[in-house]
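Working through the structure, step by step
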Amino acid sequence: MSSITIDRLTKHYGAVRAVDDLSFSLGAGSITGFVGANGAGKSTTLRMLLGVTRPTSGTARIEGHRYVELRNPTRLVGALLDPDVFHPRRRGRDALGVLAAAGNISDRRVEEVLELVGMSDAAHRRVSGYSMGMRQRLGLAAALLGDPPILVLDEPANGLDPMGVRWLRTLLRDLADEGRTVLVSSHQLAELAQTVDDVVVIDHGRLIADGPMRDLITEGGATSLEDLFLELVQKGHS
Ligand SMILES: Nc1ncnc2c1ncn2[C@@H]1O[C@H](COP(=O)(O)OP(=O)(O)OP(=O)(O)O)[C@@H](O)[C@H]1O
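Bear in mind that the values here come from a model prediction, so they are computed numbers and not experimental data.

For the rest of this paragraph, the subject is helix H5 (residues 132-144). Compared with an ideal rise of 1.5 Å per residue, which puts 13 residues at 18 Å, H5 spans 18 Å between its outermost C-alpha atoms and is within 8% of the ideal. Judged by how many residues are buried, H5 sits mostly within the fold: 12 of 13 residues are covered. Regarding H5, the residues found buried are Gly 133, Met 134, Arg 135, Gln 136, Arg 137, Leu 138, Gly 139, Leu 140, Ala 141, Ala 142, Ala 143 and Leu 144. Buried residues along H5 sit in contact with strand S5 (77-80), helix H3 (92-102), helix H4 (107-116), strand S6 (150-154) and helix H6 (162-177).

The following block contains the structure:
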């Protein structure tokens, strides 16, 4: 069974077709880059996958189930949608503690994930005093709390410094090598190209390419992921 299955997923906001009859599926053990221009529908797709937004039609499933049907979602899928979900007055450690308690996860695991994302020393500070990159790291720690086999990350590199970007790349590769499914959206195509195995490219809510990144680049006669992306989008608009 595929880890993630998007089937004819559609979301309309009034006249705006944010996601339009989108289908793709992802297996385990690979990193997939989710690519599209501003407003292409990436966040809306991920929000539907994670049960935050209700589809107009179609389905988004995680190991065969809609997110809302999952018994213990934290242990199956870790998500980073918005680094500003944490209460600003909470200390980093306590913000994770609240999530851990809700998911029946130990305090020891909270310390482990803080260590993993390099936030142990800042964990006693309030979230309001964190930089964007620190909030992003805390969001990643939250996604990893339940040690989930599936990770869904919306723009995880946003706000990270060059060391952070490199650290994230290694982290995602290690997670995929452990057999996890990693779906990551990003605009930073040069960086993404160094990280991902597969890509799903969307434009105006519709799928325009899907498959192993290297094959798509070769088949498209492109020289890079950025090149491929620009060609695909231009072709779609001509
Ligand atoms: N809550 C909403 N109400 C109305 N329109 C929305 C809403 N959320 C998203 N949209 C619209 O849906 C379309 C897709 O937006 P979405 O945020 O999914 O794109 P995206 O690919 O994540 O963009 P970006 O790369 O800029 O983050 C856009 O036209 C956006 O304006």
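Now that the structure has been shown, we can carry on.
A few words on the packing of H5 against H6. For the pair H5 and H6, the least separation of the axes is 13 Å and the interaxial angle reads 10 degrees. As summarised for this structure, H5 and H6 are arranged roughly parallel, according to the angle between their axes. Of H6, the residues touching H5 (which contributes Arg 137, Leu 140 and Leu 144) are Gly 164, Trp 167, Leu 168, Leu 171 and Leu 175. A per-class count over the contact of H5 with H6 returns 6 nonpolar, 1 polar and 1 charged.

Let us now look at the site of the ligand. Around the ligand sit Tyr 13, Val 16, Ala 18, Ala 37, Asn 38, Gly 39, Ala 40, Gly 41, Lys 42, Ser 43, Thr 44 and His 187, and those are all the residues in its vicinity. In the model, an oxygen atom of the ligand is placed 3.1 Å from a nitrogen or oxygen of the Ala 40 main chain. Within the side chain of Thr 44, a nitrogen or oxygen atom sits 2.5 Å from an oxygen atom of the ligand. Relative to its unbound accessible area of 630 Å², the ligand is 58% covered by the protein chains.

The strands making up a sheet associate through hydrogen bonds between their backbones, and the pairing can be parallel or antiparallel. Strand order across the open sheet formed by 3 strands is S2-S1-S4, with antiparallel pairing between neighbours. Both outer strands of the open sheet, strand S2 (16-26) and strand S4 (57-62), are each paired with one neighbouring strand and no more. Taking the axes of each pair of neighbouring strands and ignoring which way they run, one obtains an average angle of 20 degrees across the sheet. Of the pairings in the sheet, the one linking strand S1 (residues 4-13) to S4 comprises 5 bridges and is antiparallel in character. From the neighbouring strand, Ile 4 faces S4, where its bridge partner is Ile 62. Lying on the sheet, helix H1 (residues 42-49) is in contact with S1, S2 and S4; it crosses S1 at an angle near 120 degrees.

Definitions and limits used
Residues numbered from 1 in each chain as written. Predicted model: local features only at pLDDT ≥ 70, side-chain atom pairs only at ≥ 80, totals over all residues. Heavy atoms only, no water. Helix = DSSP H or I, 4+ residues; strand = E, 2+ residues; numbered from the N terminus. Expected span 1.5 Å × (residues − 1). Buried < 20%, exposed > 50% of the residue type's maximum accessible area, 1.4 Å probe, protein only. Contact = heavy atoms within 4.5 Å. Axes fitted to C-alpha atoms, helices over the stretch in contact; angles between N-to-C directions. Parallel < 35°, antiparallel > 145°, perpendicular 65-115°, else oblique. Nonpolar A, V, L, I, M, F, W, Y, C, P; charged D, E, K, R; others polar. Near = heavy atom within 4 Å. Polar contact = N/O pair within 3.5 Å; in protein donor to acceptor, adjacent residues only side chain to side chain. Areas by Shrake-Rupley, 256 points an atom, 1.4 Å probe, with all protein chains shown as cover. Pairing = 2+ DSSP bridges.

Everything listed here is a matter of coordinates, which is why it stays silent on function.
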